[in-house]
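Reading the structure
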Amino acid sequence: MATEKSADFGDSSTASLKIVPKDYAYPLLEDPQGALATPTEGGRTLVTRGAFNYFHYGCDGHQDAGWGCGYRTLQSAISWIQRRRGLSGHVPSIREIQQILVALGDKGPQFEGSRDWIGTLEEFYVIDVLHQVPCKILHAKVLISGEILDQLRSYFEKYQGFIAMGGLSDTASKAITGYHCSAQGRIFLQVVDPHFVGVPSSRQQLIDQGYVRWVPVDEFPASTYNLCLILQP
């Protein structure tokens, strides 16, 4: 099931929120998937076009291991939007993301400063407020269904975009930055996983440790998934 969304929050109080500049303790890695080889020889590969920074647990000093993966996937997505549009804006912190969701009325005041996680729909809300980019939300009861895979292939063909994905049973938020169909017809998705803790020394370290990888669609956990496909022109 697919729903194209562009939220209309009217004259929202989010207009008064400012995203302040950030001073990270170390430079964030750019395009961690760039060094990843295709999973098979031959076949067809479609990937995200445009650069983004890799946000992960604790990368800005905020200790969010165990609950912050949705925020980190969202931050990577926003960095991609800004770079693709040639914008010089700042990526919101976890606290600023929470402030936006409270200002929208999506969350109550107690949400700000909490360790409550966010999902794909909240990620869409924040993207819409900050950049007014329409998104398509896919509700996939079975990720390996032909209909869903056809939509993912078509999305990468048309947009070469960035997908935020989370599930009900598989609650680990992740970015999908590529699609590969082998010569034998097996489908793989390229995953950028924000669950890394520490300071990554290189893109190759993330690949070696499995945080950036190709995953056959039949090896994803059985779960209903929500995917936010950013329709970035």
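Residues numbered from 1 in each chain as written. Predicted model: local features only at pLDDT ≥ 70, side-chain atom pairs only at ≥ 80, totals over all residues. Heavy atoms only, no water.

Turning to the overall build of the protein, a few remarks are in order. Looking only at helices and strands, the protein has 5 helices and 8 strands in total. If you list the helices and strands of the protein from N to C, you get β-β-α-α-α-β-α-β-β-β-α-β-β. Relative to the compact-globule value of 17 Å for 233 residues, the protein shows a C-alpha radius of gyration of 17 Å, a close match. Contacts spanning at least 24 positions in sequence make up 71% of the contacts within the protein whose residues lie at least 6 apart. (Helix = DSSP H or I, 4+ residues; strand = E, 2+ residues; numbered from the N terminus. Rg over C-alpha atoms; globule rule 2.2 N^0.38 Å. Contact = heavy atoms within 4.5 Å.)

This paragraph deals with the side chain of Thr-40. By the secondary structure assignment, Thr-40 is in the loop between strand S1 (2-5) and strand S2 (44-47). In this structure Thr-40 comes out as buried when scored by relative accessible area, which is 19%. Reaching out from Thr-40, the side chain makes a polar contact with the side chain of His-180 at a distance of 2.7 Å. Discounting chain neighbours no more than four positions away, the residues touching Thr-40 are His-180, Ser-182 and Phe-188. (Buried < 20%, exposed > 50% of the residue type's maximum accessible area, 1.4 Å probe, protein only. Polar contact = N/O pair within 3.5 Å; in protein donor to acceptor, adjacent residues only side chain to side chain.)

What follows is about the pattern of salt bridges. The full count for this structure, using the stated rule, is 14 salt bridges. Lys-22 is the partner of Glu-96 in a salt bridge, and the nearest nitrogen-oxygen pair spans 2.9 Å. Within this pair, whereas Glu-96 is found in helix H2 (residues 94-104), its partner Lys-22 is found in the loop between S1 and S2, the two being separated by 74 residues in sequence. Residue Glu-96 is classed as buried on the basis of its relative accessible area of 8%. We note a salt bridge from Arg-83 to Glu-30, for which the minimum N-O separation is 2.7 Å. Here Arg-83 is found in helix H1 (residues 69-84), whereas its partner Glu-30 is found in the loop between S1 and S2, with 53 residues between them in sequence. Arg-83 gets classed as partly exposed once you look at its relative accessible area, which sits at 36%. By relative accessible area, Glu-30 is classed as partly exposed at 38%. Taken together, the salt bridges that share partners define one network made up of Arg-44, Asp-150, Arg-153 and Glu-157. (Salt bridge = Lys/Arg side-chain N within 4 Å of Asp/Glu carboxyl O.)

With their axes 10 Å apart at the nearest point, H1 and helix H3 (residues 120-131) run at an angle of 30° to one another. Judged by the inter-axis angle, H1 sits roughly parallel to H3. Along this stretch, H1 crosses H3, giving a crossing that reads as right-handed. Side by side, H1 and H3 meet where Gly-70, Thr-73, Leu-74, Ala-77, Ile-78, Ile-81 and Gln-82 of the first sit next to Glu-123, Val-126, Ile-127, Leu-130 and His-131 of the second. Each residue belonging to the contact of H1 with H3 can be placed in one class, and the counts come to 7 nonpolar, 4 polar and 1 charged. (Axes fitted to C-alpha atoms, helices over the stretch in contact; angles between N-to-C directions. Parallel < 35°, antiparallel > 145°, perpendicular 65-115°, else oblique. Left-handed = near helix turned anticlockwise from the far one by under 90°. Nonpolar A, V, L, I, M, F, W, Y, C, P; charged D, E, K, R; others polar.)

Under the present numbering, the feature "domain: UFSP1/2/DUB catalytic" (unreviewed entry) in UniProt falls on residues 44-228. Helix makes up 32% of residues 44-228 and strand 21%, with an end-to-end C-alpha separation of 23 Å. (UniProt positions renumbered as here; feature names shortened; annotations may be inferred.)

A few words on H1. Here H1 contains 16 residues, and its C-alpha end-to-end distance of 23 Å stays within 8% of the 22 Å for a straight helix at 1.5 Å per residue. Taken across its 16 residues, H1 has 15 buried, putting it largely inside the fold. Just downstream of H1 lies Gly-86, where phi reads positive at about 70°. (Expected span 1.5 Å × (residues − 1).)

Glancing now at the state of the cysteines. This structure, assessed with the given rule, holds 0 disulfides. Here Cys-59 is not disulfide-linked; the sulfur of Cys-69 is the nearest cysteine sulfur, at 13 Å. Residue class for Cys-59 comes out buried when judged on its relative accessible area of 1%. (Disulfide = S-S within 2.5 Å.)

Once that is clear, we can look at the nonpolar core. Ile-127, Leu-152, Leu-227 and Ile-230 are the most contacted members of the largest nonpolar core, which has 67 residues in total. Excluding residues within four positions of it along the chain, Leu-152 makes contact with Leu-138, Ile-163, Tyr-179, Leu-189, Leu-227 and Leu-229. (Core = buried A, V, L, I, M, F, W, Y, C linked by side-chain atoms within 4.5 Å.)

Under the definition given, this model contains 9 aromatic pairs. An angle of 85° between the planes, with centres 5.3 Å apart, marks the rings of Phe-196 and Tyr-211 as edge-to-face. Of this pair, Phe-196 sits in the loop between strand S6 (187-192) and helix H5 (203-208) while Tyr-211 sits in the loop between H5 and strand S7 (212-216), and the two are 15 residues apart along the sequence. On the accessibility criterion, Phe-196 (4% relative accessible area) is buried. By way of ring pairs, the aromatic residues Phe-52, Trp-80 and Phe-162 are connected into one cluster. (Phe/Tyr/Trp six-rings, centres within 6.5 Å; stacked < 30°, edge-to-face > 60°.)

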